[in-house]
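The primary structure of each chain is shown beneath.
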Amino acid sequence: MTGAITDLAETPPVVRRRWWGFLRWWPAAVVGLYVLVALVGPLLVDYDPVATGLTDRLLPPGATTHDGGVALLGTDPLGRDIFGQVVYGARTSVTIGALTVALSALVGVTVGVVAGYFGRAVDATLSRSVDILLAFPGIVLAIIVAGLFDRSITVVVIALALTGWIPFARMTRAMALTVRDREWVAAARVMGVPRRTIVTRHVLPFVLGPVVALAATDFGLVVLAEAGLSFLGIGLPPTSVSWGQTIATGKEYLSTAWWISAFPGLVLALLVVHVGLLGDQFNSYFHRTGRRGARSTSRRGSTGRGVEGSP
Amino acid sequence: MTGVVLRRLAIGVFVLWGAGTMMFALLRLAPGDPATLLLGPDASPADVAALSERLGLDRPIVVQYLTFLKDAARLDFGDSFRFGQPAMDVVLGRLQATVELTLTATVIAVVVGLALGMLAGRRPDGPVDRVVSGLTILLQGMPTFWVGIMLVLLFTATLGLLPSSGTGTPAHIVLPAVTLSLPFTAIVARITRTSVVASMREPYVRTARSKGLTESQILTGHALRNSLVPVVTIVGLQMGALLGGAVVVENVFAWPGLGSLVVESVSNRDYAVVQAAALLIAAIIVVLNLVADLSYSLLDPRVRTGAHR
């Protein structure tokens with residue numbers, strides 16, 4: 001990772017190094033901070049999502065609670081600390097985001113490699129299934145699936161991954177198709193290397209870089225979608241803490257307690273924006289190396305309509 | 001051309017069949033027996049058994065599936081237990097509000113997006129371009145439902161200018177439509193910028209310059225026109241995302257469209273309405289994708305005359 005980013009800084013000779021060059025690290029640092037908060041924040045911040053303190057209802061940011069603590073970002077109508085909800089919500093968002101992206105990438109890469117490297121039949125089935133899934137807006141499908149089944153993190157992850165795997169499958173398929181006809185793959189085939197070994201040793205390594213870039217972009221979208229589901233009151237159990245739920249609570253108290261909705265949304269937006277920036281950095285890096293390695297990532301693959309255009 | 005249209009139509013019908021099958025499977029997989037859900041937890045076993053028989057739930061799954069397909073082809077998804085009328089009627093009654101909202105949002109997104117994209121694409125990497133690109137990243141990263149609430153905070157709770165929920169006057173659509181349009185404005189702006197930058201390098205722009213047209217004439221006459229194809233494409237492709245966004249935004253502003261209906265129905269386990277609404281949304285997306293595909297040929301003479309292929 002370190003090598004990746006310094007490489008990015010040095011390769012294009014036209015770009016001069018400027019004093020603000022360290023800003024390159026900014027998105028990674030911010031995303032890292034979120035992950036850190038998600039991991040250790042709940043250990044440091046004392047917050048009980050079930051406990052209510054009615055004496056501390058709707059306190060503005062910075063007010064003192066009855067037990068002498070400071071409600072940094074205010075409290076909600078049940079007297080619960082917003083800062084605590086922001087910290088615990090980070091854990092929920094990052095966990096669901098990571099699990100969903102991992103599941104999507106696993107399914108997508110598997111399907112993509114099989115479709116791109118092995119037969120036409122798989123490819124045709126894949127492209128038709130994708131057509132069907134894309135007939136629904138992703139969030140609608142997630143609402144229906146998460147709403148029908150019992151509330152749990154697992155259901156939310158599956159509901160979000162239901163369409164989340166598609167970009168991974170499309171990209172992997174496109175990469176697998178271009179790598180399949182390269183000389184070293186042909187050589188391996190002639191030497192009688194088993195197909196499974198060819199795929200893992202000669203095809204997958206090319207796919208991994210772009211998959212990381214895609215995973216970053218996808219992570220932002222998943223976090224947004226999860227917050228949307230929680231905002232609508234669908235998916236996660238009521239006991240869990242989520243930014244979307246807090247924002248929904250604050251909607252009813254906008255004229256009196258703006259801080260309930262404002263802060264979790266701000267925190268969420270900052271995360272998504274920085275994950276997006278990080279994804280862009282990955283993308284420009286891997287696209288260059290991608291071009292150097294596999295000759296042409298065909299335009300079809302990158303526009304995402306690839307599967308459909310198969311002969 | 002006719003062949004292409006027919007092929008696309010066939011794919012459309014296939015996709016709708018698949019979407020219907022998927023909904024059927026999902027609702028059968030969901031926990032809870034539909035008859036018990038309809039009658040409530042206090043119903044006697046005899047009543048549940050009677051309703052199961054009337055709804056055909058006691059028959060083999062294959063028979064149920066075939067009946068579902070037959071009924072679905074006639075747009076019959078059963079009755080909504082919450083409204084006591086055919087589910088499709090309930091859904092169609094909500095369609096207009098969603099169409100109004102999404103169309104208004106699309107117009108805003110296209111007009112503002114084209115303007116921003118052209119401003120940014122005039123001088124690539126100039127200050128305006130930087131600002132616009134920062135803005136697009138921000139617009140795409142902010143959760144729409146939160147932006148909606150913040151707009152309500154500003155325009156309703158603080159300034160008292162616009163209504164925050166419901167329908168009635170034209171002012172009611174302003175906040176929901178603006179909220180819904182923001183991420184799509186960003187997408188349109190990005191596409192327009194790329195396309196304007198590309199067309200400014202084309203020979204016909206050099207010709208236009210050499211015959212003395214002003215920069216703004218070139219921008220509107222040549223660069224903008226050539227940006228329309230990608231913009232129409234992206235609007236068509238984003239229609240699904242736009243409808244998905246509408247589902248969330250409608251819930252923020254209590255806008256009585258399909259989106260709020262889907263969420264209410266899922267929460268209340270009104271399965272007939274969920275099915276009907278989901279399939280109507282799927283049908284809209286399939287048709288719009290078809291239209292977007294076919295409209296390339298109307299906007300791009302190279303495709304129209306077949307010189308491109």
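As recorded in an unreviewed UniProt entry, chain A goes by the name Peptide ABC transporter permease, listed as coming from Asanoa iriomotensis. Taken verbatim from the UniProt record of chain A, the Sequence similarities (unreviewed entry) comment is "Belongs to the binding-protein-dependent transport system permease family." In its Subcellular location (unreviewed entry) section, the UniProt record describing chain A reads: "Cell membrane".

So what's going on with the overall build of chain A? Which residues, and what values?
Secondary structure summary: chain A contains 11 helices and two strands in total. In chain A, the order of α-helices and β-strands from amino to carboxyl end is α-α-β-β-α-α-α-α-α-α-α-α-α. Here chain A holds 311 residues, and the buried ones make up 51% of them. For chain A, the computed accessible surface area is about 14,600 Å², with 66% contributed by carbon and sulfur atoms.

So what about the interface of chain A and chain B? Which residues, and what values?
With 41 residues of chain A in contact, the opposing surface of chain B contributes 49 residues. Between chain A and chain B, a total of about 3,700 Å² is buried, with carbon and sulfur atoms accounting for 82% of that surface. When residues of chain A are sorted by the area they lose upon contact with chain B, Ile132, Phe136 and Leu148 of chain A head the list and together hold 17% of the total. Counting the contacts that link chain A with chain B gives zero salt bridges.

Account for the UniProt feature "transmembrane region" (unreviewed entry) in chain A, with residues named and values stated.
All names here are of chain A. The UniProt feature table records "transmembrane region" (unreviewed entry) at residues 25–45, 96–118, 130–149, 155–172, 203–236 and 256–278. From the first C-alpha to the last, residues 25–45 spans 27 Å; its make-up is 90% helix and 0% strand. In residues 256–278, the share of helix is 87% and the share of strand is 0%. The end C-alpha atoms are 37 Å apart.

Lay out the pattern of salt bridges with the relevant residues and their values.
All names here are of chain A. Across all of its chains, the model carries six salt bridges over all chains by this definition. A salt bridge links Arg128 to Asp131; its shortest N-O distance comes to 3.3 Å. Of this pair, Arg128 and Asp131 both sit in helix H4 (residues 120–133), three residues apart, which is roughly one turn of that helix. The partly exposed category is assigned to Arg128, whose relative accessible area is 24%. For Asp131, a relative accessible area of 12% corresponds to the buried category.

Tell me about the packing of aromatic side chains, residues and numbers included.
Residue and element names in this part refer to chain B. Scanning all chains against the criterion turns up eight aromatic pairs over all chains. Their ring planes at 40° and their centres at 5.7 Å tell us that Phe14 and Trp17 sit as a pair that is tilted. Pair noted here: Phe14 and Trp17 are both in helix H1 (residues 2–29), with a separation of three residues, about one helical turn. A relative accessible area of 29% means that Phe14 is categorised as partly exposed. Here Phe24 and Phe68 contribute two aromatic rings whose centre-to-centre distance is 5.2 Å and whose plane-to-plane angle is 40°, an arrangement assigned as tilted. One end of the pair, Phe24, is in helix H1; the other, Phe68, is in helix H4 (residues 61–73), and 44 residues separate them in sequence. Note on Phe68: relative accessible area 11%, which makes it buried. Among the aromatic residues, ring-to-ring pairing joins Phe24, Tyr65, Phe68 and Phe77 into one connected group.

Quick notes on the rules
Residues numbered from 1 in each chain as written. Chains lettered and ligands numbered in written order. Predicted model: local features only at pLDDT ≥ 70, side-chain atom pairs only at ≥ 80, totals over all residues. Heavy atoms only, no water. UniProt positions renumbered as here; feature names shortened; annotations may be inferred. Helix = DSSP H or I, 4+ residues; strand = E, 2+ residues; numbered from the N terminus. Buried < 20%, exposed > 50% of the residue type's maximum accessible area, 1.4 Å probe, protein only. Areas by Shrake-Rupley, 256 points an atom, 1.4 Å probe, with all protein chains shown as cover. Contact = heavy atoms within 4.5 Å. Buried area = accessible area lost by both parts, 1.4 Å probe. Salt bridge = Lys/Arg side-chain N within 4 Å of Asp/Glu carboxyl O. Phe/Tyr/Trp six-rings, centres within 6.5 Å; stacked < 30°, edge-to-face > 60°.

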